[in-house]
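Here is how the chains run, residue by residue.
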Amino acid sequence: MIEAVGLSKRYGEKLAVDGISFTVRPGAVTGFLGPNGAGKSTTMRMVVGLDAPTAGSVRVNGKAYRHHAAPLHEVGILLDAKAVHPNRSARDHLRCVAATHGISPKRVDAVIETTGLGPVAGKRAGQFSLGMGQRLGIATALLGDPETLILDEPVNGLDPEGVIWVRTLARQLGAQGRTVFISSHLMSEMSQTADHLIVLGRGRVLADKPMSQFIAESSGTVTRVRSPQASELAQALAGPQTSITVLEPGLLRVTGVDSAQIGDLAAAHGWALHENTPLQKSLEDAFLALTEGAVEYRSASMSEAGRQS
Amino acid sequence: MTSGTAATRNHLTFTRIAASEWIKVATLKSTWFLLGCYLAFILFAGVGAAVLTVVGAEGQTIPGEEAADSVIELLSMMVTSLTPLVFMAFAALAVTNEYRSGQIRVTFTAAPRRTQVVLGKAAVAAVVTMVTVAVGYALGSVAALGVYAVLGTGFALSGPTSVSILGGILFAGAIAVMSAGLGWLTRSTAGAVMAGVLAFMLFPALAQQLMGLPGVGEVFYYVFLYWPTTLGSWLTSTQEALPPGGGVGMALMWVWAAAVTAGAIAVVCRRDA
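Rules used throughout
- Residues numbered from 1 in each chain as written.
- Chains lettered and ligands numbered in written order.
- Predicted model: local features only at pLDDT ≥ 70, side-chain atom pairs only at ≥ 80, totals over all residues.
- Heavy atoms only, no water.
- Helix = DSSP H or I, 4+ residues; strand = E, 2+ residues; numbered from the N terminus.
- Buried < 20%, exposed > 50% of the residue type's maximum accessible area, 1.4 Å probe, protein only.
- Contact = heavy atoms within 4.5 Å.
- Lys, Arg positive; Asp, Glu negative; His and termini not counted.
- Charge placed at Lys NZ, Arg CZ, Asp CG, Glu CD.
- Pairing = 2+ DSSP bridges.
- Axes fitted to C-alpha atoms, helices over the stretch in contact; angles between N-to-C directions.
- Buried area = accessible area lost by both parts, 1.4 Å probe.
- Salt bridge = Lys/Arg side-chain N within 4 Å of Asp/Glu carboxyl O.
- Nonpolar A, V, L, I, M, F, W, Y, C, P; charged D, E, K, R; others polar.
- Phe/Tyr/Trp six-rings, centres within 6.5 Å; stacked < 30°, edge-to-face > 60°.
- Lys NZ or Arg CZ within 6 Å of the ring centre and 35° of its normal.
- Left-handed = near helix turned anticlockwise from the far one by under 90°.
- Domains from an automatic or database assignment.
- Parallel < 35°, antiparallel > 145°, perpendicular 65-115°, else oblique.

J.: Help me out: how do you make sense of the overall build of chain A in this one?
T.: Along its length, chain A carries twelve helices and 13 strands. Overall, the C-alpha framework of chain A stretches about 80 × 45 × 40 Å when taken along its three principal axes. With 309 residues in all, chain A has 49% of them scored as buried. Partitioning the intrachain contacts of chain A with sequence separation of at least 6 by distance along the chain shows that 70% fall at a separation of at least 24. Across chain A, the 30 positively charged side chains and the 29 negatively charged ones have centroids separated by 7 Å.

Here is the structure:
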């Protein structure tokens, strides 16, 4: 279990993580979602003591990570697939890490086999693709057969088979009762892997809820309504659960009320409806809407790019 | 998925951290290349010293102890003056390579007690360096012995010469520990080696020049007197009666090494990885 309380990290003027509190529970896969620069990696580094919090604290399985007698058996972490000496072979890299806890060469061989690194285990890590580097990072994380697994963007650079493998592995580890904490900036990936979701934006927790709840809340219908009496219809639909956006004169985007209710209301008032189209909101839309104001690095629009060129 | 061969649940200990550091050093070809070059150079130096000694004697018989002294003196001069760069680079690289590749994050995750990691690296750097230098003395002496045997000259180690060898070994170990410390402090190979060159090569020469200055000259005299390289020269001298004496000099040398390591620990434990 990972418990963070009031965790903050400041780098000079920049507040990377802003007093966040959350709990990552065992027996489930918890997704850590957020746009680039949201503070996900910084938070993960603080969990294992690589970075010291400016304020707050974080405990893993009841203690600060560094106070565990056998840290590798408590937490396995993948932070950066390229964080390996380029001239050392994958097997030797794993041997170095294993030696800190007297982990046997058999276990090294086992994680090499599990992660599919067998054919390249004797190769220098500097020759690895990003995908192979990710597999080596995951092998390193699995070495201690840890209770808690932290994987920062583990599917980066993996081919489709690798992505499915990571997804299956994470779910299996969660099912074994372990704590699995995976970060990603891809909502679609998280929706297929995680049972619980923590969404971070500009260093703050924007959402912390079960995936099923997030999906239920996010997948409400949006209806596009076109009517000559759009303003009257908008007034009649207005309510605490309803959100109405005027897209253009006579065209509304309505959430919180389904198309049947809108049709019934229009019929009751004798208003004409030229369009009453239900639109399914995707999880990606919900994530983007949630983090809209918390995106640190935003791409220039095509039109802006065109103007600049 | 992970249950095939479950990991035995052992604790993290200093001995295991040091073992991990040894595997890191031993599994890099560059380590063996660097130390191999050093030994080849020393072998060549041993042969050269023996030949020069015999040639310098101009046909006169050389006592065995004198013959051994001249070889050991040259080998010690190599250790203290010419080859510290090898040990400095070796020890600094053991640390700075980790920062360059990002491996330091893996290291500090596997072993979050950073003091033990700093000490583990220092211990491995010192032991590998001292063993290499010891092997170097042996190789150089055996090479010289071969030359002397061919030329009919004896070879016998005296008491002071044996102490000189021990001094050279300890000096090199201390230099390695200090360089590893500089590696932690600078996190850059170039920075660590440059700091080492400034501290161990340029500063002593500068201090010698500044000893004559009125007022501050005395300060530079004492700083120079107890500077690591000066201590190293005394430790490896085959002459007796040089201050501050073998045992004290060795101790002082390692006080320097401990001080740099303590500084490194203080910084590394406070700094984000």
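J.: Help me understand unusual backbone geometry in this model?
T.: Negative phi characterises most residues that are not glycine, and trans characterises most peptide bonds. The residue Asp145(A) is not glycine, and still its phi comes out positive at about 50°. As for its placement among the helices and strands, Asp145(A) is situated in the loop between helix 5 (130-142) and strand 6 (148-152). Classification of Asp145(A) by relative accessible area gives buried; the value is 11%. Look at Arg187(B): it is not a glycine, yet its phi comes out positive at around 60°.

J.: I'm lost on the sheet that holds strand 4 (residues 55-60) of chain A in this one. Help?
T.: What links the strands of a sheet is backbone hydrogen bonding, and the strands pair in either a parallel or an antiparallel sense. Residues and elements named next belong to chain A. Overall, antiparallel pairing links the three strands, which are arranged 2-1-4 in an open sheet. The open sheet has two free edges, formed respectively by strand 2 (14-24) and strand 4, since each of these has just one partner strand. Averaged over all neighbouring strand pairs, the angle between strand axes comes to 20°, with direction disregarded. Taken together, the five bridges between strand 1 (residues 2-11) and strand 4 define a ladder with antiparallel strand orientation. Bridging from a neighbouring strand, Ser8 pairs with Ala55 of strand 4. The strands touched by helix 1 (residues 40-47) are strand 1, strand 2 and strand 4; relative to strand 1, the strand with the most contacts, the crossing angle is about 120°.

J.: Explanation requested: the interface of chain A and chain B in the structure shown.
T.: Interface extent is often summarised as the accessible area lost during association of the parts. Opposite the 53 residues of chain A that make contact, chain B presents 32 residues. When residues of chain A are sorted by the area they lose upon contact with chain B, Leu50(A), Arg88(A) and Thr100(A) head the list and together hold 17% of the total. The interface formed by chain A and chain B includes two salt bridges. The closest approach of N and O atoms between Arg105(B) and Asp80(A), which form a salt bridge, is 2.8 Å. For the side of chain A that touches chain B, the secondary-structure elements that each account for two or more residues are strand 1, helix 2 (71-74), helix 3 (90-99), helix 4 (105-114), helix 5 and helix 6 (160-175) of chain A. Per-element accounting of the side of chain A that touches chain B gives the leading share, six residues, to helix 3 of chain A. Class assignment of the residues belonging to the side of chain A that touches chain B gives a composition of 23 nonpolar, 15 polar and 15 charged.

J.: Could you clarify how one ought to interpret the packing of aromatic side chains in this entry?
T.: For any pair of aromatic rings, the description consists of the separation of the ring centres together with the inter-plane angle of the planes. Considering all chains together, one arrives at ten aromatic pairs over all chains under this definition. The interplanar angle of 35° and the centroid separation of 5.7 Å between the aromatic rings of Phe22(A) and Phe181(A) together place this pair among those described as tilted. Taken as a pair, Phe22(A) in strand 2 and Phe181(A) in strand 7 (residues 179-184) lie far apart in primary sequence, 159 residues in all. You'll find Phe22(A) and Phe181(A) in the same group, each marked buried. Where Trp22(B) meets Trp32(B), the ring centres are 6.3 Å apart and the plane angle is 90°; that geometry is what we call edge-to-face. With a gap of ten residues between them, Trp22(B) in helix 1 (residues 14-26) and Trp32(B) in helix 2 (residues 29-56) connect regions that are remote in the sequence. Linked through ring pairs, Phe22(A), Phe32(A) and Phe181(A) together constitute an aromatic cluster. Directly above the ring of Phe108(B) sits Arg114(B), whose terminal nitrogen or CZ lies 4.6 Å from the centroid. Sitting over the face of the ring of Tyr99(B), Arg187(B) holds its NZ or CZ atom 5.8 Å from the ring centroid.

J.: It is not clear to me how the packing of helix 8 (residues 189-210) of chain B against helix 9 (residues 217-225) of chain B should be interpreted in this structure. Could you clarify?
T.: Helix-helix packing is characterised by the crossing angle of the two axes and by the distance between the axes. All names here are of chain B. Interhelical geometry of helix 8 versus helix 9 gives an angle of 145° and a closest axis separation of 8 Å. Like other packed secondary-structure pairs, helix 8 and helix 9 cross with a definite hand, here left-handed. For the pair helix 8 and helix 9, contact is made by Phe203, Pro204, Ala207, Gln208 and Leu210 and by Gly217, Phe220, Val223 and Phe224, respectively. The class makeup of the residues in the contact of helix 8 with helix 9 is seven nonpolar, two polar and no charged.

J.: Quick question: what am I supposed to make of the sheet that holds strand 6 of chain A here?
T.: Residue and element names in this part refer to chain A. Read across the sheet, six strands follow the order 5-6-7-3-8-9 without closing on themselves; strand pairing throughout is mixed. A single partner strand is all that each edge strand has here, and the edge strands are strand 5 (75-78) and strand 9 (204-210). For this sheet, the mean inter-axis angle between neighbouring strands, taken without regard to orientation, is 15°. Where strand 3 (residues 28-33) and strand 7 come together, six bridges link them in parallel fashion.

J.: Would you take a moment to explain the domain arrangement of chain A for this structure?
T.: Each assigned domain of chain A is listed here: domain 1 (2-217) and domain 2 (220-280). Between domain 1 of chain A and domain 2 of chain A, the C-alpha centre-to-centre distance is 45 Å.

J.: What is the right way to read the pattern of salt bridges from this model?
T.: Opposite charge on two side chains lets them pair, provided their charged atoms get close. Residue and element names in this part refer to chain A. With the rule as written, the count across this model stands at 20 salt bridges over all chains. Across the pair Glu189 and Arg167 runs a salt bridge whose closest N-O atoms are separated by 3.1 Å. Placement of the pair is Glu189 in helix 7 (residues 187-193) and Arg167 in helix 6, with a sequence separation of 22 residues. Residue Arg167 is classed as buried on the basis of its relative accessible area of 18%.

J.: In this structure, what is going on with the packing of helix 1 of chain B against helix 6 (residues 114-151) of chain B? I would like to understand it.
T.: Residue and element names in this part refer to chain B. Viewed as axis vectors pointing N to C, helix 1 and helix 6 meet at an angle of 55°, and their least axial separation amounts to 8 Å. Taken together, the axis directions place helix 1 and helix 6 in an arrangement best described as oblique. Our pair here, helix 1 against helix 6, has a crossing hand that is right-handed. Contacts between helix 1 and helix 6 involve Phe14, Ile17, Ala18, Glu21, Trp22, Lys24 and Val25 from the former and Gln116, Val117, Leu119, Gly120, Lys121, Ala123, Val124 and Val128 from the latter. Here the residues of the contact of helix 1 with helix 6 are counted per class, giving ten nonpolar, two polar and three charged.

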